[in-house]
Protein chains: 2
Amino acid sequence: MYAVYLDASPITGFGVAKVIDSRDTNLKKGDLVWGTTGWEEYTFIEPTNALFKIEHTDIPLSYYTGILVAKAKKGEKVFVSAASGSVGQLVGQFAKLMGCYVVACAGSIEKVDLLKHKFGYDNAFNYKEEHDLDAALKRYFPEGIDIYFENIGGKMLDVVLLNTRNFGRIAVCGMISQYNQENHEGIKNLMEIIYKRVRVEGFLYFDYLLQYSKFLETVLPLIREGKMDYIEDLAEGLDNGPAALVGIFSGHNIGKQVIKVAHE
Amino acid sequence: MYAVYLDASPITGFGVAKVIDSRDTNLKKGDLVWGTTGWEEYTFIEPTNALFKIEHTDIPLSYYTGILVAKAKKGEKVFVSAASGSVGQLVGQFAKLMGCYVVACAGSIEKVDLLKHKFGYDNAFNYKEEHDLDAALKRYFPEGIDIYFENIGGKMLDVVLLNTRNFGRIAVCGMISQYNQENHEGIKNLMEIIYKRVRVEGFLYFDYLLQYSKFLETVLPLIREGKMDYIEDLAEGLDNGPAALVGIFSGHNIGKQVIKVAHE
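Notes on the structure in this doc start here. Just so we're clear, the structure is a prediction, and the values are computed from it rather than from any experiment.

1. A word on the overall build of chain A
Okay, step 1: Along chain A, the regular secondary structure elements total 7 helices and 12 strands.
Okay, step 2: Sequence-distant contacts, at least 24 apart, represent 59% of the contacts inside chain A between residues at least 6 apart.
Okay, step 3: On chain A, roughly 13000 Å² of surface is accessible, and the fraction owed to carbon and sulfur atoms is 52%.

Put into C-alpha cells, the structure is as follows:
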C-alpha cells in the first residue's frame, strides 16, 4: 500500500491499496484501488465513493497518485515553478507535448539538471541562485510569459506578474512557500492584472475527478510509449512518513514524495 | 465638447466632440463623435479610427463617456467598490437588473445614500467608517461574495478574498487606492484563490469596443425608460480640469467626473 500526505489531522492522503475484504459489491478481495486513504498499513474505509478501482496495472501503481492536468496552447510560453515536484513535472511535460516553450525553476542543481535533461524543457534555472528573479525571468522570457503554473507563491508570483504578457494566465495550483508562514508575504504587483488583462485562477483536483478516465486515456499511452516521465521520491515505511512530509516544505523531495507502506 | 481624463502626458481622455471639418468621408461637418480626444477646446485628430459617430442624440452626450459592462448571473451576490464612480454606478445597476443581490461601498454618507435610494441596491456602506472591513463584509454577505467588482485595490481586495465563495469571480477594473502610491500595499490572502477556486481577471475597455453597438442596444432603452440612472459630477471649463482630475484620487467626485469644455 502506498500513501501520500493530504492534510495533517487525521492524516489522510492519496493512496493506492489492495482490498482485503469488501461489503461494496463493486469491489472484491484482491482488487487494487486508489483514492483517499489513511496513513495506515491496514484500514477500514467507509464510504467507498472516494475510492477508484484500478483497471490498468501495467504501469507503476503510484503513478495514480496526485496527477493533475494543465491547459496550454501550441507556441505559448510557459513558466512552471516547483517544477520537479509531483504536479510541476507533469505540467511542464504536458506543455512540451502541446508544443509550448517551457522554462521551469526548482531549488537545486540536481533538480535543474532533471528538468533540462530528463524532461527536456527549453530551459531551467535554480531560483535559489538568482538574487534578481525579475532579471532571470526577463532572460528566459524576453517577450513575457503566457502561462504561469503557480506552485510556490510569494516573491516569485510578484515577479511573474511583472513579466506576464497581455492576456496571460496564472493557474494557481499551490503556494508552498506560504503554507507554514504566519505572516504571508504581500503581493504588490497585482495592478499588472489590469494593464495586461491577466486571468488568475485557482483550482483543486477534486473538482476534476469526473474527467479522470479521460485523463487516463491521454496519459497511459504517453507513459507506455516513454513520451512522459514521472519521478518519485520514495520513502520506505510509514515510520519515515513524517520526515518526508516535513521535507516537502523545504524542497527536500525530488519528484513526487511517495511513502511505501507495504510491498504489494 | 466634453473630455474626461485617461492618462497624464499628453492628457487625452474620453471625449464627445462636434466635427468642424473632416477629411474622413464617414464624418462630416456637424457630426457628433465620441472617443479618444485631447483636453482641448479645439483639436486636430488623426487617425480617426478611435472616434465613433453618435447616432442617438436624445440622451445626454456625456453618457457615452466611459461606460463598461459587467457580467453576473441571477441570484448571485455582488459587491461593488467605488460604487458611485463612473463605472461602479453602472455595474451595480446592471447587477440589480440581472436579479442579483447587490451591496456597494463608497466613501461618504452622501454617496451611500445615493447607492441605497437612487440606485436601489440591497445595501450600501461607507468604508471609511468601518474600522473592521472583514466584519462589514461578513455582515452584508453572511454566505460570502460571488462577484466582486474591483475598483479600489489594497486592503479592500485583501478582505474580499477572505469573503469570496467557492468559484467566486473578481473582475478587476481598477485599483484607484494604489495608482499614486510609490509602495503598493501587499495583498496577503491570495491563497484563498486556491481553496475557493476563485477567478481574478483584469480587463480594459478597449478590448470590448467591438461590442459597443450591442451595449448601446441594451443600455439606451434602459436609460430612456428610466430603469437606469447615471450620475455625473460636472466641472465647468478646461481650467477646472486638473483639480477635478486630482479630486478623483481622494474620492471628491460623486458620479462620473466630467469636464464641460464647451456648450454644444
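So, next bit.
2. Some details on the packing of helix 3 (residues 133-140) of chain B against helix 4 (residues 155-163) of chain B
Residue and element names in this part refer to chain B.
Okay, step 1: Between helix 3 and helix 4, the shortest axis-to-axis distance is 9 Å and the interhelical angle comes to 45°. The orientation of helix 3 with respect to helix 4, classified from their angle, is oblique. Handedness of the crossing formed by helix 3 with helix 4: right-handed. On helix 4, the residues touching Leu133, Asp134, Leu137 and Lys138 of helix 3 are Met156, Val159, Val160, Leu162 and Asn163.
Okay, step 2: Of the residues contributing to the contact of helix 3 with helix 4, the split by class is 6 nonpolar, 1 polar and 2 charged.

3. Considering the sheet that holds strand 9 (residues 164-172) of chain B
Okay, step 1: Reading across the sheet, the 12 strands line up as 7(A)-6(A)-5(A)-8(A)-9(A)-10(A)-10(B)-9(B)-8(B)-5(B)-6(B)-7(B) and stay open at both edges, with mixed pairing between neighbours. If you trace the sheet from one side to the other, it starts and ends with strand 7 (123-126) of chain A together with strand 7 (123-126) of chain B, each paired once. Direction aside, neighbouring strands of the sheet carry axes that sit 15° apart on average.
Okay, step 2: Pairing of strand 8 (residues 145-150) of chain B with strand 9 of chain B involves 5 bridges; the strand directions are parallel. Within strand 9 of chain B, the position partnered with B:Phe149 by the bridge is B:Ala171.
Okay, step 3: Helix 3 (residues 133-140) of chain A rests against strand 5 (77-80), strand 6 (101-106), strand 7 and strand 8 (145-150) of chain A of the sheet, and its axis sits at about 170° to strand 7 of chain A.

4. Structural notes on the interface of chain B and chain A
Okay, step 1: In this assembly, 28 residues from chain B lie in contact with 28 residues from chain A.
Okay, step 2: A buried area of about 2500 Å², summed over both sides, lies between chain B and chain A, and 65% of it is on carbon and sulfur atoms.
Okay, step 3: Three residues stand out in chain B for area buried against chain A, namely B:Met191, B:Ile194 and B:Arg197, and they jointly supply 24% of the buried area on that side.
Okay, step 4: Where chain B touches chain A, the interface holds 2 salt bridges.
Okay, step 5: One salt bridge connects A:Arg199 with B:Glu201, and the closest N-O pair in it is separated by 2.9 Å.
Okay, step 6: On the surface where chain B and chain A come into contact, there are 6 residue pairs in polar contact (both at pLDDT 80 or more).
Okay, step 7: Among the secondary structure elements, those contributing two or more residues to the side of chain B that touches chain A are strand 9, helix 5 (192-195) and strand 10 (199-202) of chain B.
Okay, step 8: By residue number, the principal contributor to the side of chain B that touches chain A is strand 10 of chain B, which donates 4 residues.
Okay, step 9: Across the side of chain B that touches chain A, the residue classes break down as 17 nonpolar, 5 polar and 6 charged.
Okay, step 10: Pairing between strand 10 (residues 199-202) of chain A and strand 10 of chain B: 3 bridges, direction antiparallel. The residue bridging A:Arg199 from the neighbouring strand is B:Glu201, located in strand 10 of chain B.

5. Side note on the relation of the copies chain B and chain A
Okay, step 1: Laying chain B over chain A is done by rotating through 180° and shifting 0.0 Å along the axis; what remains is an RMSD of 0.1 Å. Here the two chains are linked by the operation of a two-fold rotation axis. Looking at the rotation axis and the C-alpha trace of chain B, the residue lying nearest is B:Gly186, at 1.8 Å.

6. Notes on the pairing of strand 7 of chain A
All names here are of chain A.
Okay, step 1: With 4 bridges joining them, strand 6 and strand 7 adopt parallel strand pairing. In the sheet register, Ala106 faces strand 7, and the bridge partner there is Asn126.
Okay, step 2: Crossover strand 6 to strand 7 through helix 2 (residues 109-118) is right-handed.

7. Some details on helix 3 of chain A
Residue and element names in this part refer to chain A.
Okay, step 1: Regarding helix 3, the residues found buried are Leu133, Ala136, Leu137 and Tyr140. Looking down the long axis of helix 3, one finds its buried residues gathered within 95° of arc, a one-sided arrangement.
Okay, step 2: Sitting at the head of helix 3, Asp132 places a side-chain oxygen 3.2 Å from the backbone nitrogen of Asp134.

8. Focus on a nonpolar patch on the surface
Okay, step 1: Together, A:Tyr179, A:Phe249 and B:Tyr195 give the surface a local cluster of nonpolar side chains, amounting to about 270 Å² of exposed area.
Okay, step 2: Relative to the elements of secondary structure, B:Tyr195 occurs in helix 5.

9. Remarks on the pattern of salt bridges
Okay, step 1: Scanning the entire structure with this criterion turns up 24 salt bridges over all chains.
Okay, step 2: Residues A:Lys227 and A:Glu225 are paired through a salt bridge, measuring 3.0 Å at the closest nitrogen-oxygen approach.
Okay, step 3: Here A:Lys227 falls in the exposed class, since its relative accessible area comes to 52%.
Okay, step 4: Taking the shortest distance from any N to any O, the salt bridge between B:Asp146 and B:Arg165 comes out at 3.3 Å. With B:Asp146 in strand 8 and B:Arg165 in strand 9, this pair connects stretches of sequence that are 19 residues apart.
Okay, step 5: Residue B:Asp146 is classed as buried on the basis of its relative accessible area of 9%.
Okay, step 6: Each of A:Lys28, A:Asp31 and A:Lys53 takes part in salt bridges that share partners, so that together they form one network.

10. Topic: the packing of aromatic side chains
Okay, step 1: Enumeration according to the criterion identifies 14 aromatic pairs over all chains in this entry.
Okay, step 2: Where A:Tyr101 meets A:Phe141, the ring centres are 5.7 Å apart and the plane angle is 90°; that geometry is what we call edge-to-face. In this pair, A:Tyr101 sits in strand 6 while A:Phe141 sits in the loop between helix 3 and strand 8, placing the two residues 40 residues apart along the sequence.
Okay, step 3: Accessibility expressed as a relative area gives 26% for A:Tyr101, which makes it partly exposed.
Okay, step 4: Since its relative accessible area comes to 2%, A:Phe141 is described here as buried.
Okay, step 5: One aromatic cluster is present, built from ring pairs that chain together A:Phe79, A:Tyr101, A:Phe125, A:Tyr140, A:Phe141 and A:Tyr148.
Okay, step 6: The aromatic ring of B:Tyr101 is capped on one face by B:Lys77, whose charged end is 5.4 Å from the ring centroid.

Rules used throughout
Numbering of residues starts from 1 in each chain and follows the order in which that chain's sequence is written. Chain labels run from A onward and ligand labels from 1 onward, assigned in the order the entries are written. It should be noted that, the model being predicted, local features are given only for residues of pLDDT at least 70 and side-chain atom pairs only at 80 or more, the latter also being counted only at that level, while totals for whole chains, interfaces and linings use all residues. Excluded from the side-chain calculation are hydrogens and water; included are all heavy atoms of the structure. Runs of E in the DSSP output that reach at least two residues are strands. Runs of H or I that reach at least four are helices, and both are numbered from the N terminus. Working rule for contacts: check all heavy atoms of both residues, and any pair within 4.5 Å makes them a contact. What sets the accessible areas is the Shrake-Rupley method with a 1.4 Å probe; for residues, cover comes only from the shown protein chains. Only the stretch in contact is used when fitting a helix axis, every axis being a line fitted to C-alpha atoms; angles between N-to-C directions are given from 0 to 180 degrees. In what follows, roughly perpendicular refers to angles from 65 to 115 degrees, roughly parallel to angles under 35, roughly antiparallel to angles over 145, and oblique to any angle outside these ranges. Rotating anticlockwise by less than a right angle from the far helix to the near helix defines a left-handed crossing, while the corresponding clockwise rotation defines a right-handed one. Residues are grouped as follows: Ala, Val, Leu, Ile, Met, Phe, Trp, Tyr, Cys and Pro are nonpolar; Asp, Glu, Lys and Arg are charged; every other residue, Gly included, is polar. For two strands to count as paired, DSSP must find a minimum of two bridges between them. Put simply, buried area is how much 1.4 Å-probe accessible surface two parts lose in total, over both of them, once they are put together. By salt bridge we mean one thing: a side-chain nitrogen of Lys or Arg within 4 Å of a carboxyl oxygen of Asp or Glu. Here a polar contact is recorded for every N or O atom pair within 3.5 Å, except that within protein the pair must consist of a potential hydrogen donor and a potential acceptor, and residues adjacent in sequence are included only if both atoms are side-chain atoms. For this overlay, a least-squares fit was computed on C-alpha atoms, restricted to residues scoring pLDDT of at least 70 in both copies. A crossover counts as right-handed when, viewed with the strands pointing away from the observer, the path leading from the first strand over the helix to the second turns clockwise. Under the scheme applied here, a residue whose accessible area is under 20% of the maximum for its type counts as buried, over 50% as exposed, and between as partly exposed, the area being computed with a 1.4 Å probe on protein chains only. Here the arc refers to the set of directions running from the helix axis out to each C-beta atom. For patch building, the residue pool is restricted to those with more than 30% relative accessible area and no salt bridge; the joining distance is 9 Å between like charges and 5 Å between nonpolar side chains (Val, Leu, Ile, Met, Phe, Trp, Tyr). To pair, rings of Phe, Tyr and Trp, with the six-membered ring standing in for Trp, must have centres within 6.5 Å; the planes then decide the type, stacked if under 30 degrees apart, edge-to-face if over 60, and tilted in the middle. Only when the NZ of Lys or the CZ of Arg is both within 6 Å of the ring centre and within 35 degrees of the ring normal is a charge said to sit over the ring.

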